[in-house]
Amino acid sequence: MSPVLIIIIAAILIITYHFLTRNQKKLKKLRQEWDSGTYYAFSEDLSSVSSYWENKKESAESYSGVDQLTWDDLSMNQVFEKLNYTQTSVGSEYLFNQLRDIDPKLKDVHEKEELYQLLANDNRLREKVLLILSNLGNRNHANTSSYFFKFNDQKLKHVYMYIILACLPIVSIFLLFFSLKYGAISLFSSFTLNLVVYYRNKNRLDNDLHSITYVAAIVGTGKQLTSIHHSRFTSFRNIFKGEGRGLRKTSFWGKVLSIGGNKGGDFDVLFEYVRIVFLLDFIAYNQIVKTIVKHQDAYKQLWELIGKLDAAIAVAYYRKSLAFYAVPTFMDIEELEFENLAHPLLKDPVTNSSTLGKTVLLTGSNASGKSTYIKAVAINAILAQTINTVLASKWTMKPSYIVTSMAIQDSVLDGDSYFIAEIKSLKRIIKFSEEKKPIISFIDEILKGTNTVERISASAAIMEWLSVNKGMTIIASHDIELTEMAGKVYTNYHFRESIENGKVIFDYKIHPGPSETRNAIKLLEVLDYPESVTRTANQLARHFTDVREWQSMDESRSII
């Protein structure tokens, strides 16, 4: 056997061994993550993760999903991060959009549930998919969905010049056979010229290359997924058999762009210079862009299929990590019923069971659990309609948009006071109801940014309007007066506390009826405020409760 043949065989064996062991190591890691429920997440910038949602929202005529105020009120970025066991940027962007894109029509809900179940139960299938997706990996700020939402033709101008310049070194090599001197001069000149052209134009292309190479990798991942023989994966094969057949070119040109890009191999530097002197970055980039423009619909379909698949594995993984969960059921009645509901961001949550009607008013003392309860209900209402999963043992609801008014902040930039920001937030809810859209609104401490008389009056008026218009309303308030004024329209529930050994103890459980206890003054006592302060506060509170009239400070002092 010749030495050359031996070297070739040895090289093939080494490369094969490298790829086999690499996949085995990845597979071992993926199995450990699945079994343990813990994983090391790739650090993704939320402005990058939200790009698909932003592109989709901007391209739509109107948007009714989870708006930014609701998303922030419910700390949904943290909920997303807890869910985000995706392997690719496509998957994380798709999952982020899925959590925000509520559609009360519940399109594809059964299809998605079948996919969750399949990937949770078929270990071999799931592992094959995970290996393929993990090879694609994550890339921040690639914004690859922009190529089918608002894509402008970004082909390079005068690309033929790059092709001509790329041919010069090849012509020079042939010239060496006829004239060593002129061939060498031509070769050196062409290399120098191409280096100058490359570095003078490289900066303009860097960001686009960052994105377009990931586009090529996405197409390559789609091709790999066609190798999985399962009925759920025929969609991938159909894309490449049909209009997307031409997308195959992007994989080749993507590999051209990756030559010498690993920065770790012995020949990577050499390969990188080959890419530079032959201006392959410019030629390959232009070819990929041309292909994507021509097969835009097929690329969109492929992108969304990969995103749906990756997000589905994340949902299956999230379910596995939970102590319990339920698949929701839906009905047409404006009612919300659940058992053993938990807040997804709490480590050891207290669970609650409720049947909530069209209008609900929650009262209770400070820190008793009202806010946590309504946030738990709102978050699970979103999860129920987006990933078909709730942290409860039972959940039934009417499919609805979710809107909140909770963590109001004044805005220096917009010139809005706290109260202005608050009434603008509430106006969103009224607008949804006026548009006759199904809605569940969650309001925490209604109109707390103004004086007592106007707060109670305006709150009661808004509550009355919401009660006779479309949608469910769940309100948490400290104002006991509202329980009396709205008692015949709103169903009252409350959270309570007890005093044990001088300490305030909360059970964080919801109870029927209005609250009859207050703990703000008791908390002053627990924190050792001066006795005269707590004594005066108790006297003022008792007097107001008895006669519904506030004492002046000098009157309370004389009585005490």
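Predicted model, so just to flag it, every value in this text is computed and none were measured. (Residues numbered from 1 in each chain as written. Predicted model: local features only at pLDDT ≥ 70, side-chain atom pairs only at ≥ 80, totals over all residues. Heavy atoms only, no water.)

*Asks:* I would appreciate a short explanation of the overall build of the protein chain in the present structure.
*Replies:* Helices and strands together make up the secondary structure of the protein chain, namely 23 helices and 10 strands. Burial statistics for the protein chain: of 560 residues in total, 47% are counted as buried. Counting contacts in the protein chain only where the partners sit at least 6 residues apart, residues at least 24 apart contribute 75% of the total. By element, 57% of the accessible surface of the protein chain is carried by carbon and sulfur atoms, the whole surface being about 29000 Å². (Helix = DSSP H or I, 4+ residues; strand = E, 2+ residues; numbered from the N terminus. Buried < 20%, exposed > 50% of the residue type's maximum accessible area, 1.4 Å probe, protein only. Contact = heavy atoms within 4.5 Å. Areas by Shrake-Rupley, 256 points an atom, 1.4 Å probe, with all protein chains shown as cover.)

*Asks:* Just checking my understanding: could you explain the sheet that holds strand E8 (residues 472-477) for this structure?
*Replies:* The six strands lie next to each other as E6-E7-E8-E4-E9-E10, forming an open sheet whose pairing is mixed. Strands with a single pairing partner mark the edges of an open sheet, and in this sheet they are strand E6 (401-405) and strand E10 (503-512). Across this sheet, the average inter-strand angle for adjacent strands is 15°, counted without regard to direction. Relative to E8, strand E7 (residues 439-444) is paired through five bridges, and the arrangement is parallel. Bridge pairing in E8 links Ile443 to Ile475. Against the sheet, helix H17 (residues 370-386) engages strand E4 (359-364), E6, E7, E8, strand E9 (491-500) and E10, with an angle of about 155° to E7. (Pairing = 2+ DSSP bridges. Axes fitted to C-alpha atoms, helices over the stretch in contact; angles between N-to-C directions.)

*Asks:* What's the story with the pairing of E8 in this structure? I'm lost.
*Replies:* Remember that side chains alternate between the two faces of the sheet whenever the strand is regular. Across the six residues of E8, six count as buried, placing the element largely inside the fold. The two faces of E8 match: Met472, Ile474 and Ala476 on one face and Thr473, Ile475 and Ser477 on the other face are all buried. As defined by bridge partners, E4 adjoins E8 across five bridges and the pair is classed as parallel. Bridge pairing in E8 links Val360 to Ile474.

*Asks:* Hey, could you run me through the packing of aromatic side chains in this one?
*Replies:* Note on aromatic pairs: each is described by the distance of the centres and the angle between the planes. Under the criterion given, the structure shown has 18 aromatic pairs. When the centroid spacing of 5.0 Å and the interplanar angle of 75° are considered together, the rings of Phe252 and Trp253 count as edge-to-face. Linked through ring pairs, Tyr52, Tyr94, Phe148, Phe149, Tyr299 and Trp303 together constitute an aromatic cluster. Across the ring face of Trp71, the terminal group of Arg100 is positioned such that the distance to the ring centre comes to 4.5 Å. The lysine or arginine in question, Arg126, covers the ring of Trp34, its NZ or CZ lying 3.7 Å from the ring centre. (Phe/Tyr/Trp six-rings, centres within 6.5 Å; stacked < 30°, edge-to-face > 60°. Lys NZ or Arg CZ within 6 Å of the ring centre and 35° of its normal.)

*Asks:* What's the story with the nonpolar core in this structure? I'm lost.
*Replies:* Most often, soluble globular proteins keep nonpolar side chains buried together rather than apart. Grouped together as the largest cluster of nonpolar side chains are 137 residues, with contacts concentrated most on Ile212, Tyr299, Leu362, Tyr373, Trp395, Phe442 and Ile446. Among the elements that take part in this core, helix H16 (residues 296-321) stands out by supplying 15 residues, more than any other. The residues contacting Ile212, other than those within four sequence positions of it, are Tyr147, Leu257, Tyr285, Ile288 and Val289. (Core = buried A, V, L, I, M, F, W, Y, C linked by side-chain atoms within 4.5 Å.)

*Asks:* What exactly am I supposed to notice about unusual backbone geometry here?
*Replies:* Working note: non-glycine residues mostly have negative phi, and peptide bonds are mostly trans. You will see that Asp108, though not glycine, has its phi angle at about 65°, which is positive. If you trace the backbone, Asp108 turns up in the loop between helix H6 (89-100) and helix H7 (109-121). With a phi close to 60°, His141 is a non-glycine residue in the positive phi region.

*Asks:* Looking at this model, I keep getting lost on the packing of helix H11 (residues 180-225) against helix H15 (residues 280-294). Mind explaining?
*Replies:* When two helices pack together, their arrangement is given by the angle between the helix axes and the distance between those axes. Interaxial distance between H11 and H15 falls to 10 Å at its minimum, and their mutual angle equals 40°. As the angle between them shows, H11 and H15 are arranged oblique. For the crossing formed where H11 meets H15, the hand is left-handed. Judged by residue contacts, Tyr198, Asn201, Lys202, Leu205, Asp208, Leu209, Ile212, Val215 and Ala216 of H11 engage Asp281, Phe282, Tyr285, Ile288, Val289 and Ile292 from H15. Residue composition of the contact of H11 with H15, grouped by class: 11 nonpolar, one polar and three charged. (Parallel < 35°, antiparallel > 145°, perpendicular 65-115°, else oblique. Left-handed = near helix turned anticlockwise from the far one by under 90°. Nonpolar A, V, L, I, M, F, W, Y, C, P; charged D, E, K, R; others polar.)

*Asks:* Even after reading the chapter, I still don't get the packing of helix H5 (residues 76-83) against H6, so can you show me in this structure?
*Replies:* H6 packs onto H5 with a crossing angle of 135° between their chain directions and a minimal axis gap of 11 Å. Taken as axis vectors, H5 and H6 run oblique relative to one another. In terms of crossing hand, the pair formed by H5 and H6 is right-handed. Listed contacts from H6 to Asn77, Phe80 and Leu83 of H5 are Ser92, Leu95, Phe96 and Leu99. Split by residue class, the contact of H5 with H6 holds five nonpolar, two polar and no charged.

*Asks:* It is not clear to me how the confidence of the model for the protein chain should be interpreted in this structure. Could you clarify?
*Replies:* Low-pLDDT stretches of the model should not have their predicted coordinates read in fine detail. Here the protein chain shows a mean pLDDT of 85. Residues at 70 or above account for 88%. Highest mean pLDDT in the protein chain belongs to strand E5 (residues 394-397) (98); lowest belongs to helix H23 (residues 553-559) (59). (pLDDT = per-residue confidence, 0-100.)

*Asks:* Which parts of the structure should I look at to understand the sheet that holds strand E1 (residues 329-330)?
*Replies:* The pairing of strands in a sheet comes from backbone hydrogen bonds and takes either a parallel or an antiparallel form. Across the sheet, four strands lie side by side as E1-E5-E2-E3; this open sheet has mixed pairing. With partners counted over all chains shown, the strands left at the sheet margins are E1 and strand E3 (352-356), one partner each. Its contacts with the sheet place H17 against E1, strand E2 (336-341), E3 and E5, and it is angled at close to 80° to E5.

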